[in-house]
Amino acid sequence: MTLALDDGFEFSAAVDKGDVLGLDMPQPSQPGYRIEGAAFDPTVFRLDHFLTYDRDGAPRAQYMFTVLEDGASDILIKMRNGESGPVELFKRVSVNVGGNRGLF
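Keep in mind the model is a prediction, meaning the values are calculated, not measured.

Q: Which residues make up the environment of V87, and what values do they have?
A: Mapping V87 onto the fold places it in strand 8 (residues 87–97). With relative accessibility at 41%, the residue V87 sits in the partly exposed group. For the pair V87 and E10, spaced 77 residues apart in sequence, the C-alpha separation works out to 18 Å. Beyond its immediate chain neighbours, meaning those up to four positions away, V87 contacts E36, K78, M79 and R80.

Q: Give a detailed account of the packing of aromatic side chains, specifying residues and quantitative values.
A: Taken as a whole and assessed by the stated rule, the structure comprises 4 aromatic pairs. Ring centres of F45 and F65 lie 6.0 Å apart, and the angle between their planes is 65°; on these two criteria the pair is classed as edge-to-face. One end of the pair, F45, is in strand 5 (residues 45–55); the other, F65, is in strand 6 (residues 58–67), and 20 residues separate them in sequence. Grouping residues by exposure puts F45 and F65 together as buried. The structure contains a cluster of three or more aromatic residues connected by ring pairs, namely F40, F45, F50, Y63 and F65.

Q: Just give me the short version of the pattern of salt bridges, but keep the residues and values in it.
A: Applying the stated criterion to the full structure yields 9 salt bridges. Notably, a salt bridge pairs R46 with D48, separated by 2.7 Å at the nearest N-O pair. Several salt bridges converge on common partners, so that one network encompasses D6, D24, R55 and R60.

Q: Provide a residue-level description of the nonpolar core, including the pertinent values.
A: Grouped together as the largest cluster of nonpolar side chains are 22 residues, with contacts concentrated most on L21, L23, M25, I75, I77, V93 and V95. Only strand 2 (10–15), strand 3 (20–26), strand 6, strand 7 (71–81) and strand 8 provide two or more residues apiece to this core. Once residues lying within four places of it in the same chain are set aside, the contact partners of V95 are A13, V15, L21, F45, G71, A72, S73, D74 and I75.

Q: Run through the pairing of strand 3, naming residues and quoting values.
A: Burial within strand 3 is extensive, with 5 of its 7 residues counted as buried. Pairing geometry for strand 1 (residues 2–4) and strand 3, over 3 bridges, is parallel. Bridge pairing in strand 3 links A4 to D24. Looking at chain direction, strand 3 and strand 6 are connected through 7 bridges and run antiparallel. By the bridge assignment for strand 6, V20 is matched with T66.

Calculation criteria
Residues numbered from 1 in each chain as written. Predicted model: local features only at pLDDT ≥ 70, side-chain atom pairs only at ≥ 80, totals over all residues. Heavy atoms only, no water. Helix = DSSP H or I, 4+ residues; strand = E, 2+ residues; numbered from the N terminus. Buried < 20%, exposed > 50% of the residue type's maximum accessible area, 1.4 Å probe, protein only. Contact = heavy atoms within 4.5 Å. Phe/Tyr/Trp six-rings, centres within 6.5 Å; stacked < 30°, edge-to-face > 60°. Salt bridge = Lys/Arg side-chain N within 4 Å of Asp/Glu carboxyl O. Core = buried A, V, L, I, M, F, W, Y, C linked by side-chain atoms within 4.5 Å. Pairing = 2+ DSSP bridges.

What is shown is where atoms sit, not what they do.
Rendered as structure tokens:
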């Protein structure tokens, strides 16, 4: 499953243990900002791949995670302005792994 994180800040996904979760997003649109990395629980997710690429001349980034354990956790995509600017939150993805996915 690959989530397109184009519009908005917060996203959610429901996956199963063993799934591969892709996060595809534009690079930050603010001048000078760039993706700085991702924060996640390494007992729930394993980062398998990160790449940057252009789609129709627009810079994008993609993360690929393998889901290791049942539970719920967030993946936080970070950005930074220049080399010495503070790290800021760019995107938040709340992930529910296995378990109850419905309202009841």
